[in-house]
Structure formats: structure tokens, C-alpha cells
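This is what each chain is made of:
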Amino acid sequence: MGAGIMKSSGGGGGRRRRRSATRTPPMSEINVTPFVDVMLVLLIIFMVAAPLLTVGVPVQMPETAANALPTDQEEPLTVSIQADGSLAIQNTEISEGELITHLRAIAAERDSDRIFLRADGANDWTRVAQVMGALDAAGFSNIGLVTDIGGPTFTGSDG
């Protein structure tokens, strides 16, 4: 009985073929889908968290067409005039006689000299001017008035 040897025709066994000298170039496109997904998640987080960062004294501020002031690194020092005319520093209600002494004590520990003044729209302009004058007389001249956006622009169109 004779046994024969069969050669394979390059099918499954044997040595692998070598790749040709020209390789495929590396992929040079950036996949931006994960980047966009992360940015959308961050946008939603900031949209939800931003309203929670405001000062907690309830004040209905008037609307104006003014642009926002640039922000500092530390939390802004805020004086609020509520609808009944009472004063508050940040969230703490304070009497008129204690306003300047408390502000001086707080300002001594801060880097920024800016004070934001929030006034309820129900207040008379006289009350707001009196508080601003008292702040200025005490040496706090960097006062920013806080308003809501969306007021009239006086250019013939509201908005």
C-alpha cells in the first residue's frame, strides 16, 4: 500500500502571508462623539446648579437692559434691600445702624472691595439712594447694582 503526500493549496495551514510593504495609514480623524456627550452633560449640570447659587434673600429686582458685571473668584458681598425696606448682608438680616460696622469687618477679610446692591423693585428710589450713599460715605465706592435682564432698551423695541 502506498501513501501519498498531498500539498495544500494555501488554505488553512502553513505559514501566514507577509503583509505588503505598504501599510494602511493611521486613522487621523478624531471621534468627537464622546466629547460632545460630556459637554452636554456638563451643560445640563450647570443649568441645574446655576439658579441654586444665588443669594437666598427674596428680592423682586427690576429688569434692565444692562450687561452683567465681570465676576470675581470669591463669592460676591451682597447687600439686599427687601420689599419692606429692611437690609440684609448675604442671607442675614441686619439693622441700619449695624450695616457699616458689619461690612467693614467682612471687607477686612476679603480681597475684593466690590459690593453688590440688590433692591426689591417695590422700594422707592430714595431708599436705594440712601443705602448707596451710606455705603459710599463709609468708603465702599465699588458698588454694583444687581438687576434682572430683559428690561427695555429704549431703542424702540423691548427685549
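Quick caveat, the model's predicted, so the values are computed rather than measured.

Pairing within the open sheet is mixed, and its five strands lie in the order S4-S3-S2-S5-S6. Two strands bound the open sheet, and with one partner strand each, they are strand S4 (92-94) and strand S6 (143-146). Recorded for the sheet is a direction-independent mean angle of 30° between the axes of neighbouring strands. The sheet contact formed by strand S2 (residues 77-81) and strand S5 (residues 115-119) spans five bridges and is parallel. From the neighbouring strand, Thr78 faces S5, where its bridge partner is Phe116. Its contacts with the sheet place helix H2 (residues 96-107) against S2, strand S3 (87-89), S4 and S5, and it is angled at close to 15° to S3.

Below, the discussion takes up the nonpolar core. Within the largest apolar cluster, 17 residues are counted, with the highest numbers of intra-cluster contacts made by Ile81, Leu99, Leu103, Ile115 and Leu135. Dropping the residues within four chain positions of it, Ile115 is found in contact with Leu77, Val79, Leu103, Leu135, Phe140, Asn142, Ile143 and Gly144.

Structurally, Asp120 can be placed in the loop between S5 and helix H3 (125-137). No salt bridge forms around the buried Asp120; measuring N to O, its nearest opposite-charge neighbour Arg118 is 8.3 Å away.

Here Gln90, not a glycine, exhibits a phi torsion of approximately 55°, which is positive. If you trace the backbone, Gln90 turns up in the loop between S3 and S4. Assessed through its relative accessible area of 19%, Gln90 is described here as buried.

Burial runs high along S2: five of the five residues are buried. In S2, alternate side chains face the same way, and those of Leu77, Val79 and Ile81 on one face and Thr78 and Ser80 on the other are all buried. Linking S2 back to S3 in an antiparallel pair, the connection comprises five residues, with Gly85 at a positive phi of about 95°.

Glancing now at the pattern of salt bridges. Under the counting rule described, the total for this entry stands at one salt bridge. With a shortest N-O distance of 2.9 Å, Arg127 and Glu96 are connected by a salt bridge. Of this pair, Arg127 sits in helix H3 while Glu96 sits in helix H2, and the two are 31 residues apart along the sequence. In this structure Arg127 comes out as buried when scored by relative accessible area, which is 16%. Here Glu96 falls in the exposed class, since its relative accessible area comes to 55%.

Our focus in this paragraph is the environment of Pro152. Looking at the element boundaries, Pro152 is found in the segment after strand S7 (148-149). Judged by relative accessible area, which is 36%, Pro152 ranks as partly exposed. Sequence spacing of Pro152 and Thr64 is 88 residues, and the spatial spacing of their C-alpha atoms is 6.2 Å.

Calculation criteria
- All residue numbers here refer to positions counted from 1 along the written sequence of the relevant chain.
- Where local features are concerned, this predicted model is filtered to residues with pLDDT of at least 70; where side-chain atom pairs are given and counted, the filter is 80 or more; whole-chain, interface and lining totals use all residues.
- Side-chain numbers here rest on the full set of heavy atoms in the structure, without hydrogens or water.
- One requirement defines pairing of two strands: DSSP has to find at least two bridges between them.
- Strands are runs of DSSP state E lasting at least two residues, helices are runs of H or I lasting at least four, and both sets are numbered from the N terminus onward.
- Only the stretch in contact is used when a helix axis is fitted, and all axes are lines through C-alpha atoms; the angle between N-to-C directions ranges over 0 to 180 degrees.
- Two residues form a contact once any of their heavy atoms are found within 4.5 Å.
- We define the nonpolar core as a collection of buried residues of types Ala, Val, Leu, Ile, Met, Phe, Trp, Tyr and Cys that are connected through side-chain atoms lying within 4.5 Å of one another.
- When accessible area is computed with a 1.4 Å probe and restricted to protein chains, residues below 20% of their type maximum are described as buried, those above 50% as exposed, and intermediate ones as partly exposed.
- We treat Lys and Arg as the positive residues and Asp and Glu as the negative residues; His and chain ends play no part in the count.
- The salt bridge criterion pairs a side-chain nitrogen of Lys or Arg with a carboxyl oxygen of Asp or Glu, the two atoms within 4 Å.

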